[in-house]
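Here are the chains, one letter per residue:
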Amino acid sequence: MKLLLDIVQAVLLVALAPLVRGIVSRIKARIQNRQGASVWRPYSDLRKLFAKEDLVPPTASFVFRLSPVLLFAVTVAAAAFIPVLHASALLGTMGDFILLAYLLAFGRFFLMLGAMDGGGAFGGMGASREALVSTLAEAPLLLALTAVAVVAHIATLAGIVQWTLQQDFFRLSAVHALAVAALALVAIAETGRIPVDNPTSHLELTMIHEAMVLEHSGPSLALIEWASAIKLNVMIALLIALFAPWGMATAFTAAGLAIAIAVYALKVAALAVVLAVVESSVAKLRMYMVPDFLGVACALSILAVVFTAVMR
Amino acid sequence: MIYGFNSFLLLLLAAPIVSLLCVKVKRARALSPIVLVAALLTGVATAAVSFWRGDPLSLDLSRFTPLPFALTVDRLSAFFLLLICVVSVPVVLYSASYIERHYEGLRRDGLWILLPAFIASMVLVVTASTGFAFLFGWELMTLLSAGLIMMEGDAGQRRHNIFIYLLMMHVGAAAVVGAFLLFLPHAPGLTFAAMRTVAAQMPQGMRTAIFLLAFLGFGTKAGIVPLHLWLPRAHPIAPSPVSALMSAVMLKTAVYAFVRFGFDFLGTGPAWWGYLVLAAGAVSGVLGVLYALAENDIKRLLAYSSVENIGIIFMALGAAMVLRAYGAPSLAALALLAALLHAINHALFKSTLFLGAGSVSDATHTLNMEELGGLLNRMPVTGIAMLVACCSIIGLPLFNGFVGEWLAFRAFLGGSTLPPIAPAIVLPLVAGVLALIGGLAAACFAKLYGVVFLSRPRSEKAEHAREVPVLMQLGVALPAAACVLIGIFPAIVLRPLMTTISELMPGTAMPAQATSIATVLPWLALAVIAIVAVVSLVRRTVRVTATWACGQPGLDARMQYTGTALSKPLRKVFSQVYRPDRAVNISPAGQPYFPETISYRSVRTTSFERTLYRPAVDAVVAAAHRLRRLQTGNIQVYLLYLFLALVSLLLFMRFL
Amino acid sequence: MGFVDIAAAKTLASSAVFIFITLLLLASAKRTRTCIVLFSMQGAVVTAQILATAYVHRSAEAYAVAFLVLVIKVLAIPYLLLRIVDRLNMPREVKASTTSAQSVFITAALILLSFLVIQPYVRAFNIDEDMLAAAIALVLTGCFLMVSRKKALMQVIGLLVMENGVFLAALTSTFGMPLVIEIGIFFDLLMGVFLMGLFVFRIRDTFDHLDVSKLRRLRG
């Protein structure tokens, strides 16, 4: 039963990822006083792209076609590590949050290689900018997760969720406050949302992720878009699991599961609203201000780690 | 098993003799690599059995030498012996083809004589069990590697680089000899067994002196910042197989020696020893990868990357010393496990990278990244092996680099459970530094692989590249396959390593679930491969055509990003580290608004050269100038010196 | 009644964390209005803290003080400052001499310093460690803001943050000062802000900018 639920969790994270993206876009559109596309639009986009053919430049190597597939596969594997409906996940081990961070880095590495293989200027440009953002985002991500793990005295994601479930919501620890702030900033950088990167722009000056995927088309592009939606879903699920997991099912009863699903949907909706509000109210940062932004995240995560020892 | 070891040594020593004979008998040329490979395979078998089963081997040759000379293979030595032999096999296979293609006559023979001797000297260093044998092997290693570098030629700048290499190696060797000599009053004969028992009773000041001298000496050989200056000068100018051996194996002998001194002889020391090693490792890691990021010469980039990886190994070693000092021996064992695993991982993927660089240089006659490109289509086997090695060095899961980094992270995290505040803060923060190093390494190797192997060739040379001969392909493919194997099934190496460490630090047990990653990785690999297979089957047709590229027809190679451009954003963010000397010259000088030529020069010297080495060298030269006044050339002044020496000696004897 | 009990206890336990968060946000803020809003939020946290203390110790004076803090620090002073910002019509950005990231690092170091410094006193006098550290951190950060921000208005805000810190320190260690002194201090504060507002206009009219580093022209 546990295994079934774990598999269902992972499948839901993967299958509903485009929906989450659609919800964020719709809320953004409403805030900006537009009608906005339907929340199911990303699914029709994916269907359209899967039906098309793959265009490959003559000078590209097999890495060009392999990288979207690998990116998708690793991101789906990463989704199998996050507890969503109950305090356990399909894959898990001691220190699995390190594995999670490095799996996301795996996908990003191959995305950069695929971009460079395209043979145009945009690929290299996207790769070099992405290298800047991801390099500086690695340290705050791991330090914030480390701080949370140290406070919970356990190093598995499922274990941290179990520990948090037993804590009092109002006993806000400074470590958690700082860690959630740092992780929120890092999540924005990793998933390429405003203020770090604009996911809807195609202007040379403002693209980071979009520049890397410019040369891909058809099913390859569909896989990349889906993988980026899964990544957003994974970061949202991670934030919810680490900092606000109350409502997860503790027993395998139908009522418990129904409540877990409803509460989770509510939390995702809340975070989607927050993300949409942030994206609509803050301007995108100039690229060389992004190290400053990530430096703030780094300072917050270092402070979180130091507080684990000071406020013991 | 002793017969296996003895036959291994005999074959290894026979190889240079065979090569010497082949100078005369031209037709038996192929014999020398065959003998050498046979020797190394025997070595692999012996070391593997000794490592897995733990039977110690020893060989005592003190009868034939003036000072005690003995070899012992305990588990730690067996591990490093296995490392040396396993990495040398593909390197020798590679050189069998590489040396034929690039060298002839005296150089060729010289290489085949010196190469097995070099490997033998490294074997001597890791199996020595007396001080004399160790120092003999240590010095031989330096001299033979310098000789191998000189086989490539010693024109101008190369001679300067070889000189700096020999100079720094000997300064380090002086420190090492000093560390050994400090044991002398207590452990005559300088056998390791005696040193082990004596070190615990020595006064603290003496132990600290030994530790510092050992750290300085072995750190110079390993390439810790700021003693790393010789690394980017010596490794790129050597022939490719020699670079691979130097970077992958020789640096590890320094790690072995440091582990021997720090953990075996000196045992538990004060915490500041560990903090010193930790800090040095962290600085080396970050600076190494930052300098690697800025390089466009493939081999220099790989040399700086070796500095980075040695930094990671020393970070883990420093953490182990700190954890041990604060009374957490099981966590210290975990950190030591991380360090040793990273040592063998680095040996495997660095040898692939250097041999691959050699193949690239063989096919295109250049190592400048800005002239390469599109080599993956032209050299598929080399390209795939290099891709595997790049993924491993970054530490991506399912490749071997990840397991070492994961263990290191776990050890650092474990440090947060210690009661005193200092390690509880420092060790998790060092985990953040490791994450930063990993991120920078990803950027660096994405640049290396993307610029050299992907997309369009940037010059004629790259355009006409062709795949290298089979032996060279084999030499690159074998370590890459080992990287993937250890990456998915790390338990193969982890279990015997855990036994090795429990032998090194007796009485400590590994923390629970130390290798729990070994259970997840195969499932993860299965999941990823399954998803890739499913998706690939579902995908539709492919059409080869020019892509969008903003509607520009006729994209050529100049539209691509260069290596310099790829690293520019990071170099700008870390500009305080690089600080190049820039000079812009506009001529004619009197007409700044109507220039005829503008020249821009940007020279990067590492800040250590400016702030540490140059002043030190200047001080030594200034002192030497002042001492020159003693050399007056007047014979009566020299007689005066003798007279003064005689008088002071008499006074000294009288008043002693 | 039970719910109010719980709320009071939770507030007492966690307001230090909120103060640290507002401090870090103040350090990284880039616009003057954001700083004023953050100062107002700090005042709200302090009000909540006083209300919780008042409820737990059943002191009527404390309710009065809480009301004063609410009116003056959360409503009146920020409103005045926002009006000044509107009337001045100056560029919105805070001219800082350190980047956001550096300011946050320095503020983090100051917070740690304040924890370090109060160790002997906490054990000796049995005071709530978090609140006292928050108070000292407020003083230090206010001082840092005055030093590193070049706009005249930011000097005012830095001073107000420092005063917040002193007030909080008094609250933590002595459970508040006598009511009369509190009223006197608040009145002084209000007058101080009026005067500083006047001066800011004078500076702007004379020099046509608010950059205090340019006030060096005044020296002989």
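Here is what the cut-offs are and how they apply
- Residues numbered from 1 in each chain as written.
- Chains lettered and ligands numbered in written order.
- Predicted model: local features only at pLDDT ≥ 70, side-chain atom pairs only at ≥ 80, totals over all residues.
- Heavy atoms only, no water.
- Helix = DSSP H or I, 4+ residues; strand = E, 2+ residues; numbered from the N terminus.
- Rg over C-alpha atoms; globule rule 2.2 N^0.38 Å.
- Buried < 20%, exposed > 50% of the residue type's maximum accessible area, 1.4 Å probe, protein only.
- Contact = heavy atoms within 4.5 Å.
- Lys, Arg positive; Asp, Glu negative; His and termini not counted.
- Charge placed at Lys NZ, Arg CZ, Asp CG, Glu CD.
- Salt bridge = Lys/Arg side-chain N within 4 Å of Asp/Glu carboxyl O.
- Polar contact = N/O pair within 3.5 Å; in protein donor to acceptor, adjacent residues only side chain to side chain.
- Nonpolar A, V, L, I, M, F, W, Y, C, P; charged D, E, K, R; others polar.
- Pairing = 2+ DSSP bridges.
- pLDDT = per-residue confidence, 0-100.
- Axes fitted to C-alpha atoms, helices over the stretch in contact; angles between N-to-C directions.
- Left-handed = near helix turned anticlockwise from the far one by under 90°.
- Phe/Tyr/Trp six-rings, centres within 6.5 Å; stacked < 30°, edge-to-face > 60°.
- Lys NZ or Arg CZ within 6 Å of the ring centre and 35° of its normal.
- Expected span 1.5 Å × (residues − 1).
- Bend = angle between axes of the 7 residues up to and from the residue.
- Patch = residues over 30% accessible without salt bridge, like charges linked within 9 Å, V, L, I, M, F, W, Y side chains within 5 Å.
- Areas by Shrake-Rupley, 256 points an atom, 1.4 Å probe, with all protein chains shown as cover.
- Buried area = accessible area lost by both parts, 1.4 Å probe.
- Parallel < 35°, antiparallel > 145°, perpendicular 65-115°, else oblique.

**Q** What is the right way to look at the overall build of chain B in this model?
**A** The helix and strand tally for chain B stands at 25 helices and five strands. In terms of C-alpha radius of gyration, chain B reaches 27 Å, essentially the compact-globule figure of 26 Å for 656 residues. Seen through its principal axes, chain B has C-alpha atoms that stretch 95 × 75 × 70 Å. Burial analysis of chain B (656 residues in total) assigns 58% to the buried set. In chain B, the proportion of contacts linking residues at least 24 apart, taken out of those at least 6 apart, comes to 80%. If the 47 positive side-chain charges of chain B are averaged to one point and the 26 negative ones to another, these points end up 3 Å apart.

**Q** Sorry, what's going on with the interface of chain B and chain A here?
**A** It is common to give the size of an interface as the accessible area lost on bringing the parts into contact. The interface of chain B with chain A comprises 76 residues on the first partner and 74 residues on the second. Counting the contacts that link chain B with chain A gives one salt bridge. Between Glu53 of chain A and Arg543 of chain B there is a salt bridge, with its nearest N and O atoms 2.7 Å apart. Linking chain B with chain A are twelve residue pairs in polar contact (both at pLDDT 80 or more). Across the side of chain B that touches chain A, the residue classes break down as 52 nonpolar, 15 polar and nine charged. Here three bridges tie strand 1 (residues 54-56) of chain A to strand 3 (residues 542-544) of chain B, and the two strands are oriented parallel to one another. When the sheet's bridge partners are listed, Val56 of chain A is paired in strand 3 of chain B with Val544 of chain B.

**Q** What exactly am I supposed to notice about the confidence of the model for chain B here?
**A** Low pLDDT means the predicted coordinates in that region are not meant to be read closely. Mean pLDDT over chain B: 88, with 99% of residues reaching 70 or higher. Across the interfaces of the predicted complex, the ipTM metric reaches 0.94, alongside a pTM of 0.90.

**Q** Just checking my understanding: could you explain the packing of helix 15 (residues 380-394) of chain B against helix 19 (residues 470-488) of chain B for this structure?
**A** For any two helices packed against each other, one specifies the inter-axial angle together with the distance between the axes. Residue and element names in this part refer to chain B. The interhelical angle for the contact between helix 15 and helix 19, taken along N-to-C directions, is 35°, at an axis separation of 9 Å. Considering only the axes of helix 15 and helix 19, their crossing is left-handed. Residues Val381, Ala385, Val388 and Ser392 of helix 15 form the contact with helix 19, whose own contacting residues are Gln473, Val476, Ala477, Ala480, Cys483 and Val484.

**Q** Sorry, what's going on with the packing of aromatic side chains here?
**A** Note on aromatic pairs: each is described by the distance of the centres and the angle between the planes. Under the defined criterion, the tally for this structure stands at 45 aromatic pairs over all chains. Ring plane angle 45° and centroid distance 5.4 Å describe the contact between Tyr291 of chain B and Tyr304 of chain B, whose orientation is recorded as tilted. In this pair, Tyr291 of chain B sits in helix 11 (residues 271-293) while Tyr304 of chain B sits in helix 12 (residues 298-325), placing the two residues 13 residues apart along the sequence. Given a relative accessible area of 4%, Tyr291 of chain B falls into the buried group. Its relative accessible area of 4% is what places Tyr304 of chain B among the buried residues. A connected cluster of aromatic rings, assembled from ring pairs, spans Phe134, Trp138, Phe180, Phe183, Phe192, Phe218, Phe261 and Phe265 of chain B. Positioned over the ring face of Phe655 of chain B is Arg654 of chain B, at 5.2 Å from the centre of the ring. Sitting over the ring of Tyr55 of chain C, Arg58 of chain C keeps its end group 5.7 Å from the ring centre.

**Q** Would you explain the environment of Ile113 of chain B in this entry?
**A** Residues and elements named next belong to chain B. Examined against the element boundaries, Ile113 turns out to sit in helix 4 (residues 106-127). Overall, the relative accessible area of 21% leaves Ile113 in the partly exposed class. Taking C-alpha positions, Ile113 is 14 Å from Glu100, a pair spaced 13 residues apart along the chain. Dropping the residues within four chain positions of it, Ile113 is found in contact with Pro16, Ser19 and Leu20.

**Q** Explain unusual backbone geometry to me, please; I cannot follow it from the model alone.
**A** Cis geometry marks the peptide bond from Ile194 of chain A to Pro195 of chain A, where omega comes out at 5°. Considering the arrangement of structural elements, one finds Pro195 of chain A in the loop between helix 8 (174-191) and helix 9 (209-212). Following Ser587 of chain B, the chain continues into Pro588 of chain B via a peptide bond in cis, with omega recorded as 0°. Within the secondary structure, Pro588 of chain B sits in the loop between strand 4 (581-587) and strand 5 (597-603). For Leu398 of chain B, which is not glycine, the phi dihedral falls at a positive 75°. Among the structural elements, Leu398 of chain B can be located in the loop between helix 15 and helix 16 (400-414). Overall, the relative accessible area of 11% leaves Leu398 of chain B in the buried class.

**Q** Would you mind going over the pattern of salt bridges with me for this structure?
**A** Opposite charge on two side chains makes pairing possible when the charged atoms of those side chains draw close. Residues and elements named next belong to chain A. All chains considered together, the criterion is met by 22 salt bridges over all chains. Arg65 is paired through a salt bridge with Asp54; the nearest N and O atoms lie 3.3 Å apart. Remark: Asp54 occurs in strand 1 and Arg65 occurs in helix 4 (residues 62-79); sequence separation between them is eleven residues. A residue is classified by how much of its surface remains accessible, and Arg65, at 23% relative accessible area, is partly exposed. For Asp54, a relative accessible area of 2% gives the class buried. Here Glu190 makes a salt bridge to Lys231, at a shortest N to O gap of 3.7 Å.

**Q** Hey, could you run me through helix 6 (residues 121-152) of chain A in this one?
**A** It helps to recall that an α-helix has 3.6 residues per turn; residues three or four apart then point in one direction. Residues and elements named next belong to chain A. Taking 1.5 Å of rise per residue, 32 residues should cover 46 Å, and helix 6 covers 46 Å from first to last C-alpha, within 8% of that figure. Where helix 6 bends most, at Ala137, the angle is about 30°, and the proline Pro140 comes one to four residues later. Within two residues after helix 6, His153 carries a phi angle of roughly 60°, on the positive side.

**Q** Sorry, what's going on with the side chain of Ser567 of chain B here?
**A** All names here are of chain B. With respect to the helices, strands and loops of the structure, Ser567 is situated in helix 22 (residues 563-573). Residue classification places Ser567 among the buried positions, given a relative accessible area of 2%. Residues contacting Ser567, with those up to four places away along its chain left out, are Leu293 and Lys447.

**Q** Help me out: how do you make sense of a nonpolar patch on the surface in this one?
**A** Residues and elements named next belong to chain B. Together, Leu627, Leu630, Ile635, Tyr638, Leu640, Tyr641, Phe643, Leu644, Val647, Leu651 and Phe655 make up a nonpolar patch on the protein surface, roughly 1,100 Å² of accessible area in all. Following the sequence through the fold, Val647 ends up in helix 25 (residues 635-655). Residue Val647 is classed as partly exposed on the basis of its relative accessible area, which comes to 33%.

**Q** Any chance you could explain the interface of chain A and chain C here in plain terms?
**A** Taken together, the 20 residues of chain A in the interface contact 19 residues of chain C. For the pair chain A and chain C, the summed buried area comes to about 1,600 Å², and 82% of that belongs to carbon and sulfur atoms. In this assembly, chain A and chain C are joined by zero salt bridges. At the boundary of chain A and chain C, one finds three residue pairs in polar contact (both at pLDDT 80 or more).

**Q** Got a minute to help me understand the arrangement of the chains in this structure?
**A** Contacts between protein chains span two pairs of chains, and they are most numerous for chains A and B. One finds no contact between chain B and chain C; the C-alpha atoms of the two approach each other to within 12 Å at their closest.

**Q** Teacher, can you tell me more about the side chain of Arg456 of chain B here?
**A** Here Arg456 of chain B shows up in the loop between helix 17 (421-453) and helix 18 (460-463). Ignoring sequence-local partners within four residues, the contact set of Arg456 of chain B consists of Thr59 and Gly119 of chain A together with Leu372, Gly373, Gly374, Leu555, Asp556, Ala557 and Gln560 of chain B.

**Q** Where do I start with the packing of helix 2 (residues 31-53) of chain B against helix 3 (residues 75-102) of chain B in this structure?
**A** Residues and elements named next belong to chain B. Interhelical geometry of helix 2 versus helix 3 gives an angle of 155° and a closest axis separation of 8 Å. On the basis of the axis angle, helix 2 is roughly antiparallel to helix 3. At the point where helix 2 passes helix 3, the crossing takes the left-handed sense. Classifying every residue of the contact of helix 2 with helix 3 gives 20 nonpolar, three polar and two charged.

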